[in-house]
Amino acid sequence: MRAHLARVDAVIIQAAIAGALSFAHLHDLAEAAGQGGWKAWAYPVSVDLLLVAAWRRMRAQQRAGQPAGGARLWFLIALCASLGANVATAGLLDLDHVPAPLRVVVAGWPALAFFGGTLLAHEPRTSEKPAAPQSPEPNAEPISAPPAVDASPRDALPAPPPEPASDVVTAPAPTPAVALPPALVDRVQALAKEHRATTGLPADPDAVRARLGLPPSMTASVAAHL
């Protein structure tokens, strides 16, 4: 605990010394540039306040994840004003004969600082804590998820149309010829010769089969011996 307090005290002392030296340098430069009396004391206050305000706004915007380009620009302007005064009073500039451009810069600083401070003060405030998610109302009905749609290929493609019934009537298979006994074969051939001798035309197998009293299934067997 004591070590922590010692470190804090050292930082505060160092910041106080640096601030006092910078304050004195800005006062001396403003007084050398023609800003006497209370005005010379107001310049260092204006520069240091703009530096601190720009730094705080820049850090707040960075923690909130927002761009901090404007605050960074005014921080650099105030830093250049403070650093320039420190360098100018280090013996590199004759404070008894301050150049005219530097007098113009010192005289125009109040308007520039007022403009920068106004912009920093009127920037929208950033919230460092994220907004808590809103809880659903107790009486609100739960929203049901839509039914899952099965997008399988068998449902995406239409079923093929049924094939039309064929109008072609297939012929019945021919009845195989049955072997006839030799006596019946001789009788078939005799009737065929008789029919040829009488009409001069070959005998009809169906007619020969009918004369023999055979069933219709024997027509092929009779025709095989004609």
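What counts and what doesn't
- Residues numbered from 1 in each chain as written.
- Predicted model: local features only at pLDDT ≥ 70, side-chain atom pairs only at ≥ 80, totals over all residues.
- Heavy atoms only, no water.
- Phe/Tyr/Trp six-rings, centres within 6.5 Å; stacked < 30°, edge-to-face > 60°.
- Helix = DSSP H or I, 4+ residues; strand = E, 2+ residues; numbered from the N terminus.
- Buried < 20%, exposed > 50% of the residue type's maximum accessible area, 1.4 Å probe, protein only.
- Core = buried A, V, L, I, M, F, W, Y, C linked by side-chain atoms within 4.5 Å.
- Contact = heavy atoms within 4.5 Å.
- Expected span 1.5 Å × (residues − 1).
- Polar contact = N/O pair within 3.5 Å; in protein donor to acceptor, adjacent residues only side chain to side chain.
- Patch = residues over 30% accessible without salt bridge, like charges linked within 9 Å, V, L, I, M, F, W, Y side chains within 5 Å.
- Areas by Shrake-Rupley, 256 points an atom, 1.4 Å probe, with all protein chains shown as cover.
- Salt bridge = Lys/Arg side-chain N within 4 Å of Asp/Glu carboxyl O.

Caption draft 1: The arrangement of the packing of aromatic side chains in detail. Enumeration according to the criterion identifies three aromatic pairs in this entry. Each ring, one from Trp-55 and one from Phe-75, has its centre 5.5 Å from the other, and the planes form 45 degrees; the classification is tilted. Here Trp-55 is found in helix H2 (residues 38-63), whereas its partner Phe-75 is found in helix H3 (residues 69-92), with 20 residues between them in sequence. Between Trp-74 and Phe-115, the ring centres sit 5.8 Å apart and the planes meet at 65 degrees, which makes this aromatic pair edge-to-face. In this pair, Trp-74 sits in helix H3 while Phe-115 sits in helix H4 (residues 100-121), placing the two residues 41 residues apart along the sequence. Exposure remark for Trp-74: the relative accessible area of 8% places this residue in the buried category.

Caption draft 2: Spotlight on the nonpolar core. Membership of the largest hydrophobic core comes to 22 residues, with the highest contact counts inside it found for Leu-50, Trp-109 and Leu-120. When residues of this core are traced back to their parent elements, those giving at least two are helix H1 (2-32), H2, H3 and H4. For this core, the element with the most residues is H2, which contributes seven residues. Not counting chain neighbours up to four residues away, the residues in contact with Leu-50 comprise Trp-74, Ala-78, Trp-109, Ala-113, Gly-116, Gly-117 and Leu-120. One finds Leu-180, Val-185, Ala-203 and Leu-214 within the second-largest nonpolar core, a separate group that totals eleven residues.

Caption draft 3: Region of the structure containing H2. Compared with an ideal rise of 1.5 Å per residue, which puts 26 residues at 38 Å, H2 spans 38 Å between its outermost C-alpha atoms and is within 8% of the ideal. Among all positions of H2, only Ala-40, Tyr-43, Pro-44, Val-47, Leu-50, Leu-51, Ala-54, Arg-57, Met-58, Ala-60 and Gln-61 are buried. Just beyond H2, the residue with positive phi is Gly-65, at close to 75 degrees.

Caption draft 4: Molecular detail of the side chain of Arg-57. As for its placement among the helices and strands, Arg-57 is situated in helix H2. For Arg-57, a relative accessible area of 10% corresponds to the buried category. Within the structure, Arg-57 has its side chain in polar contact with the backbone oxygen of Leu-120 (distance 2.8 Å).

Caption draft 5: Looking closely at a nonpolar patch on the surface. A grouping of Ile-13, Ile-17 and Leu-21 is seen on the molecular surface, where their side chains present a nonpolar patch of about 290 Å² in accessible area. Following the sequence through the fold, Ile-13 ends up in helix H1.

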